[in-house]
Amino acid sequence: MSDSLVFDWNQENPSFGLDRLTDETLRDGLQDTTVTLPSEEEKIQGIRLLNRLGIYAASFGYPNATIRIQDEIKNMLQVHRDEQMTVLPTVAGRTAIPDVEACTRVVKETNWNRPVLFQMFIGSSPLRMHIEQWEVSKVESLTRDALRYVKSHGHPDIIMSYVTEDTTRSNPETLRRIFGAALEEGADALLLCDTAGYSTPAGTRRIVDFARDFCKEKAPDRAVRIGWHGHDDRGLSLANALAALDAGCEDVHGTVLGIGERVGNTSLDQLVINHMLRSHEPEEELMKKGHTLRELVELVSRATHTPLPTHYPAFGRTAFQTSSGVHAAAVRKALKMQGGTHMADLVYSSVPARHLGLTQQLLVGPMSGAHNAYAWLEQHGLEPNDKSAASILDAAKQSDYVLTDDQVQAAISASP
């Protein structure tokens, strides 16, 4: 019934699977200057939840960062193998021999014989090359050396992803040259990076089309996977990631809660929410995903000491709250209809709270009406009588803010 009550102007947007998303929380996310490093067990639990969700790949870390991280990656790989997980493990490093050697070593020392993704990154924009005093020939040489090292020292199941840092500010001529070198040396994937959060959705689509067309021209007989990695400096990372998916990107990166350097990365959990909104899966499957996603968000918040922002989409404290009289009246009326919870989730929200194990909350404040007071009584298992409702509303109208539950209780108790 609800489908006939909501006209969808977004209907041209195709659905996308979670097998097109990569989690970067344990690498790029931990470059956030405000986070605390999670324990090894917390990292493993996060990987388990990503595996349960059906995410394509998950970063296990940056092996050449510290000995501790190397040891944790080895242990995480062992757990992954023992538990027969399907999420693809990813390790990352610079397109330089010391880093790719470290990636190769942790895989070898774990006796790993399953697919693993190596992400090798290098600056490609004129600005980055000017800072490093590199010529394009230097970047090409480093690219070839690193990929050749992996091919000669790794094992056949290593998937090589060539990552151009600051791709969205790189010129096409340079990209053609270094992409070409990477593909000639056997790269299986190209990852386009909006490292400084510079791109717009239109720019994102344009560079994805450029990379896809180049791969068809340069490697017509190979299925080169095109990926996208974005940052949120302009507040456009989620829009850019969705644009990349719509343009055909097969590997879009994010971090849980969008944690990351400066203002953060694309939020993986918000990508999953958008996947669920575009999905035609049964209600039971959506609720299963939503509950797992909520568990993952709460784990990362706790493990990294990152408080959930109050207004954070889907999981923030106020995500499903209203104290507006008009809005509360509509939600309360919806709750009393057939399919009430479903209807209440739609009337003033686009994200179904029930899929996340949450509910609509009707609060009472100076902008409230009678329905807020009656709803508060109903939600707290009390008789929704006129006297109590009038006392609540009178207290709310004299307040400068939304009342707490204790304040509402006090207003009821003080009523004559």
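Look above for the structure.
The notes below deal with the structure included here. (Residues numbered from 1 in each chain as written. Predicted model: local features only at pLDDT ≥ 70, side-chain atom pairs only at ≥ 80, totals over all residues. Heavy atoms only, no water.)

### Examining the overall build of the protein chain
Along the protein chain, the regular secondary structure elements total 16 helices and 10 strands. Dimensions of the protein chain along its principal axes, counting C-alpha atoms only, are 85 × 40 × 40 Å. Taking contacts inside the protein chain between residues at least 6 apart in sequence as the whole, the part at least 24 apart equals 75%. For the protein chain, the accessible surface area stands at approximately 19100 Å², while carbon and sulfur atoms represent 52% of it. Considering the protein chain, the positive charge centre built from 41 side chains and the negative charge centre built from 55 side chains are found 2 Å apart. (Helix = DSSP H or I, 4+ residues; strand = E, 2+ residues; numbered from the N terminus. Contact = heavy atoms within 4.5 Å. Areas by Shrake-Rupley, 256 points an atom, 1.4 Å probe, with all protein chains shown as cover. Lys, Arg positive; Asp, Glu negative; His and termini not counted. Charge placed at Lys NZ, Arg CZ, Asp CG, Glu CD.)

### Considerations on a nonpolar patch on the surface
A cluster of nonpolar residues, Leu5, Val6 and Leu346, forms a patch on the protein surface that exposes about 250 Å² of accessible area. Note that Leu5 resides in helix α1 (residues 2–5). The class for Leu5 is exposed, based on a relative accessible area of 53%. (Patch = residues over 30% accessible without salt bridge, like charges linked within 9 Å, V, L, I, M, F, W, Y side chains within 5 Å. Salt bridge = Lys/Arg side-chain N within 4 Å of Asp/Glu carboxyl O. Buried < 20%, exposed > 50% of the residue type's maximum accessible area, 1.4 Å probe, protein only.)

### Side note on the packing of aromatic side chains
Per the counting criterion, the structure on display carries 3 aromatic pairs. Centroid distance Phe7 to Trp9: 5.1 Å. Interplanar angle 70°. Geometry classified as edge-to-face. In terms of burial, Phe7 and Trp9 fall into one category: exposed. Each ring, one from Phe179 and one from Phe214, has its centre 6.2 Å from the other, and the planes form 55°; the classification is tilted. Highlighted residues: Phe179 in helix α7 (residues 172–184) and Phe214 in helix α8 (residues 201–218), separated in sequence by 35 residues. (Phe/Tyr/Trp six-rings, centres within 6.5 Å; stacked < 30°, edge-to-face > 60°.)

### Side note on helix α6 (residues 136–153)
Spanning 18 residues, α6 covers 26 Å between terminal C-alpha atoms, matching the ideal 26 Å at 1.5 Å per step. Every buried residue belonging to α6 is among Val136, Val139, Glu140, Leu142, Thr143, Arg144, Ala146, Leu147, Tyr149 and Val150, and all of these are buried. Buried residues along α6 sit in contact with α4 (97–109), β4 (116–123), α5 (126–132), β5 (158–165) and α7. (Expected span 1.5 Å × (residues − 1).)

### Here's the deal with the nonpolar core
In this structure, Leu21, Ile47, Phe118, Tyr162, Phe179, Trp228 and Val252 are the most contacted members of the largest nonpolar core, which totals 88 residues. If one sorts the elements of this core by residue count, α6 sits on top with 7 residues. One finds Val364, Tyr374, Val408 and Ile412 within the second-largest nonpolar core, a separate group that totals 11 residues. (Core = buried A, V, L, I, M, F, W, Y, C linked by side-chain atoms within 4.5 Å.)

### Quick look at the pairing of strand β2 (residues 57–61)
Taken across its 5 residues, β2 has 5 buried, putting it largely inside the fold. Crossover strand β1 (residues 21–23) to β2 through helix α2 (residues 40–53) is right-handed. Tracing the backbone out of β2, into helix α3 (residues 67–82) and back to the parallel element strand β3 (residues 88–94) gives a crossover that is right-handed. (Right-handed = clockwise from strand over helix to strand, strands pointing away.)

### Side note on the environment of Leu18
Along the chain, Leu18 falls in the loop between α1 and β1. For the pair Leu18 and Ile44, spaced 26 residues apart in sequence, the C-alpha separation works out to 20 Å. Non-local contacts of Leu18, meaning those with residues more than four positions away in its chain, are made with Leu53, Gly54, Ile55, Tyr56, Val272, His275 and Lys289.

### Thoughts on the sheet that holds strand β6 (residues 189–194)
Here we have 8 strands rolled up into a closed barrel, ordered β1-β2-β3-β4-β5-β6-β7-β8, and parallel in their pairing. Looking at each pair of strands side by side, their axes are set apart by 30° on average, direction ignored. Where α7 meets the sheet, its contacts fall on β5 and β6, and the angle it forms with β5 comes to roughly 165°. On the sheet, α8 packs against β6 and β7 (225–230) and is oriented at approximately 155° with respect to β7. (Pairing = 2+ DSSP bridges. Axes fitted to C-alpha atoms, helices over the stretch in contact; angles between N-to-C directions.)

### So, the environment of Ala328
Of note, Ala328 is situated in helix α12 (residues 325–335). The sequence separation of Ala328 and Ser15 amounts to 313 residues, and the corresponding C-alpha distance is 32 Å. Sequence-distant contacts of Ala328, defined by excluding residues within four places in its chain, comprise Thr322, Leu362, His371 and Asn372.

### Concerning the pattern of salt bridges
A side chain with one charge can pair with a side chain of the opposite charge if their charged atoms come near. Applying the stated criterion across every chain, the model contains 30 salt bridges. The salt bridge involving Arg27 is made with Glu24; its shortest N-O contact spans 2.7 Å. Among the residues examined, Arg27 registers a relative accessible area of 13% and is labelled buried. By relative accessible area, which is 1% here, Glu24 ends up buried. When the shortest N-O distance is used, the salt bridge between Glu184 and Lys218 registers 2.9 Å. Of the two residues, Glu184 is situated in helix α7 and Lys218 in helix α8; the sequence distance between them amounts to 34 residues. On the accessibility criterion, Lys218 (37% relative accessible area) is partly exposed. One salt-bridge network, in which partners are shared between bridges, spans Glu140, Arg144, Arg148, Arg177, Glu184, Glu185 and Lys218.

### Thoughts on the state of the cysteines
The tally for this structure, following the rule as stated, stands at 0 disulfides. No disulfide involves Cys249; its sulfur sits 11 Å from that of Cys215, the nearest cysteine. (Disulfide = S-S within 2.5 Å.)

### Structural notes on the pairing of β5
Along β5, 6 of the 8 residues are buried, which leaves the element largely enclosed by surrounding structure. The sheet contact formed by β4 and β5 spans 8 bridges and is parallel. Following the sheet pairing, Ile122 is matched in β5 by Thr164. Strand direction decides the pairing type here: β5 and β6, joined by 4 bridges, are parallel. Each bridged residue has a counterpart across the sheet, and for Ser161 the counterpart in β6 is Ala189. Chirality of the crossover, the property in question, places the unit of β5, α7 and β6 among those that are right-handed.

Just geometry here; none of it tells us what the structure is for.
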